[in-house]
Amino acid sequence: MAHDILTAITAAVDRAEDPRVGPDGLNIVLATNRQASIDAANEVVRHETDSAAMPLAGIPIAVKDNIATLDTPTTCGSKILRDYISPYEATMITKLRAQGAVVVAKTNMDEFAMGSSTEHSSYGPTKNPLDPTRAPGGSSGGSAAAVAAGVVPIALGSETGGSVRQPAAFCGVVGVKPTYGRVSRFGLVAFGSSLDQIGVCATTVRHAAVATYATAGRDPRDATSADAPVPTYDDRPAQSATPLTGITIGRPVEYFPESLDAGVRARCDAALETFRSLGATIRDVSMPHTALAIPVYYIIAPAEASSNLARFDGVRYGPRKRGSGDLHSLYETTRSEGFGPEVQRRILIGTYVLSHGYYDAYYKKAQSVRTLIAQDFDAAFTSGIDVLFTPTTPTPAFKLGAVTDPYEMYLSDIFTVTANLAGVPAMSQPIGRVNGLPVGGQLIAKYFDEPTMFRVAAALEQALGEGAHR
Ligand code: GLN
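My aim in this report is to walk through the structure given alongside it, one point at a time. (Residues numbered from 1 in each chain as written. Predicted model: local features only at pLDDT ≥ 70, side-chain atom pairs only at ≥ 80, totals over all residues. Heavy atoms only, no water.)

A closer look at a nonpolar patch on the surface
Next, step 1: A surface patch of nonpolar side chains, amounting to about 260 Å² of accessible area, comprises V315, L327 and Y331.
Next, step 2: Within the secondary structure, V315 is located in the loop between α8 (293-308) and α9 (327-338).
Next, step 3: For V315, a relative accessible area of 45% puts it in the partly exposed group. (Patch = residues over 30% accessible without salt bridge, like charges linked within 9 Å, V, L, I, M, F, W, Y side chains within 5 Å. Areas by Shrake-Rupley, 256 points an atom, 1.4 Å probe, with all protein chains shown as cover. Salt bridge = Lys/Arg side-chain N within 4 Å of Asp/Glu carboxyl O. Helix = DSSP H or I, 4+ residues; strand = E, 2+ residues; numbered from the N terminus. Buried < 20%, exposed > 50% of the residue type's maximum accessible area, 1.4 Å probe, protein only.)

As structure tokens, this is what we get:
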């Protein structure tokens, strides 16, 4: 057993250090620390007396570079944090390590998690392992790609508006955003604090569920983490031919617009047919405020970002750039040299919508509409719907460099930001391919009802065959 764990971790570090996933290849991995990973594996071997207490013993994981780790830098994909080593680690990492997992790589991402393609990294774009001419999605593109490329079976990402689910869909893996508060945010570099969540990319629904529950629960160091009982994952395969009998799946009509890619629509229709054959009832439902989600998100997220990113000023964080000598010019020079164009755009938008005279017109109104979006979910769920099913993205993975208009890039989150705004749990799973590219299907569940979400996802996965994209 001891030998197995060491071998598994050494092999995973080898894969993470393979030039094909490094900067000259797919550019998935930003950092590794072989000695620290081997030491951690030995630590697991020493403590692994009771395997029930260590359900993840010897599982190598990769971690998005905005989640604090002790043995590797945490750069947020930004040159303003180049070589920055955090003095503490994220609670999620502590929990995963306590259960036997070993961090083997930090992964590439859009700078400060702002983006949908991993093209906005200061360290160059990540390529989609299934088609290197295409984007892996973002902002957790490195984590989704690390799973898709077989570097690790589980990787942590972060979500503010879809940054785990969208890249999971583009790379043909499972991606989960838990209920807001289900897992601790301590040690996740803040972007939009009322939206941010750490989430999991994984090869299978089971891996994703086990990792989600392993890291769930109240954390005294994150006041927004919830004191909700943590479920255990029931991984018995479905015995009946119709395991979803009694489950009602809602199909929100606003998520199936005319403009939806025909191939994506066809895969979603086929998934709905599979749900029916598994015993579920499918019901159309309307969520009228869906169209407002992108405008609302792109007010609230930049507003919170403009405040959260104020600390990167060359005094508290970031290399100090003196400018012309006074304090203001120190801030200005540090921030204009340190942040890339997308981050600067978000800070400008955020500062604008929070400024005197515009606060009520933009920020306050966006908060009211956010409530209406959450009420759409409440209404659907109280009408008897157990989970909603939608496409994760309007199209499969686009070509690297193809989306140059920022607004067009923002629209790739159109089906994912609603769950962040409402705080409900959601996930993406592979539901087949179109023209060789994976398509993701999204399930959205009630607050803290990850168990139903995983149960429905596992039934679909079992029916389609694991790795439905292959
Ligand atoms: N793509 C969205 C954005 O750019 C979402 C990012 C995220 O979820 N971190 O803001």
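A look at the site of the ligand
Next, step 1: Taken together, 15 residues sit near the ligand, with T160, G161, S163, Y297 and R346 positioned nearest.
Next, step 2: S116 has a polar side-chain atom sitting 2.9 Å from a nitrogen atom of the ligand.
Next, step 3: G162 places a main-chain nitrogen or oxygen 3.3 Å from an oxygen atom of the ligand.
Next, step 4: In the complex, 100% of the free accessible area of the ligand, which totals 300 Å², lies under the protein chains. (Near = heavy atom within 4 Å. Polar contact = N/O pair within 3.5 Å; in protein donor to acceptor, adjacent residues only side chain to side chain.)

Thoughts on unusual backbone geometry
Next, step 1: A cis amide bond, omega 10 degrees, links G138 with the succeeding residue S139.
Next, step 2: Within the secondary structure, S139 is located in the loop between β3 (102-107) and α4 (141-148).
Next, step 3: Non-glycine residue D83 carries a positive phi angle of around 65 degrees.
Next, step 4: Mapped onto the fold, D83 is located in the loop between β2 (60-64) and α3 (91-98).

Considerations on the environment of A426
Next, step 1: Of note, A426 is situated in strand β10 (residues 426-434).
Next, step 2: In sequence terms A426 and P178 are 248 residues apart; their C-alpha atoms lie 6.5 Å from each other.
Next, step 3: Look past the residues within four positions of A426 in its chain and what remains in contact with it is R165, G175, V176, K177, A419, Q442, L443, I444 and M453. (Contact = heavy atoms within 4.5 Å.)

Looking at the sheet that holds β3
Next, step 1: Read across the sheet, eleven strands follow the order β1-β3-β2-β4-β6-β5-β10-β11-β9-β7-β8 without closing on themselves; strand pairing throughout is mixed. Both outer strands of the open sheet, β1 (29-31) and β8 (281-285), are each paired with one neighbouring strand and no more. For this sheet the average axis-to-axis angle between neighbouring strands, irrespective of direction, equals 30 degrees.
Next, step 2: For strand β5 (residues 174-177) and β10, the ladder comprises three bridges, and the chain directions are antiparallel. (Pairing = 2+ DSSP bridges. Axes fitted to C-alpha atoms, helices over the stretch in contact; angles between N-to-C directions.)

Topic: the nonpolar core
Next, step 1: Among the nonpolar cores identified, the biggest contains 104 residues, and F112, F275 and F377 are the most heavily contacted of them.
Next, step 2: The residues contacting F112, other than those within four sequence positions of it, are C76, S78, I80, L81, V189, F191, L309, F312, F339 and V343.
Next, step 3: Residues V44, A146, V152 and V164 belong to the second largest nonpolar core, which totals 29 residues. (Core = buried A, V, L, I, M, F, W, Y, C linked by side-chain atoms within 4.5 Å.)

Overview of the pairing of strand β9 (residues 387-391)
Next, step 1: For β9, a buried count of five out of five residues is recorded, marking the element as mostly surrounded by other parts of the structure.
Next, step 2: Of the strand pairs in this sheet, strand β7 (residues 248-252) and β9 are connected by two bridges, and their pairing is parallel. Within the sheet, the bridge partner assigned to I249 lies in β9 and is V387.
Next, step 3: Bridge analysis of β9 against strand β11 (residues 437-445) gives five bridges, and the strand direction is antiparallel. Note that in β11 the partner of P391 across the bridge is G441.

Description of the pattern of salt bridges
Next, step 1: The tally for this structure, following the rule as stated, stands at 15 salt bridges.
Next, step 2: Taking the shortest distance from any N to any O, the salt bridge between R46 and E43 comes out at 2.6 Å. With a gap of three residues between them, R46 and E43 both fall in helix α2 (residues 34-47), about one helical turn apart.
Next, step 3: The partly exposed category is assigned to E43, whose relative accessible area is 35%.
Next, step 4: Each of D14, E17 and R34 takes part in salt bridges that share partners, so that together they form one network.

Here's the deal with the pairing of β8
Next, step 1: Summarising the sheet, β7 and β8 pair through five bridges and their orientation is parallel. In the sheet register, P252 faces β8, and the bridge partner there is V285.
Next, step 2: Viewed along the sheet, the connection from β7 through helix α7 (residues 262-277) into β8 turns out right-handed. (Right-handed = clockwise from strand over helix to strand, strands pointing away.)

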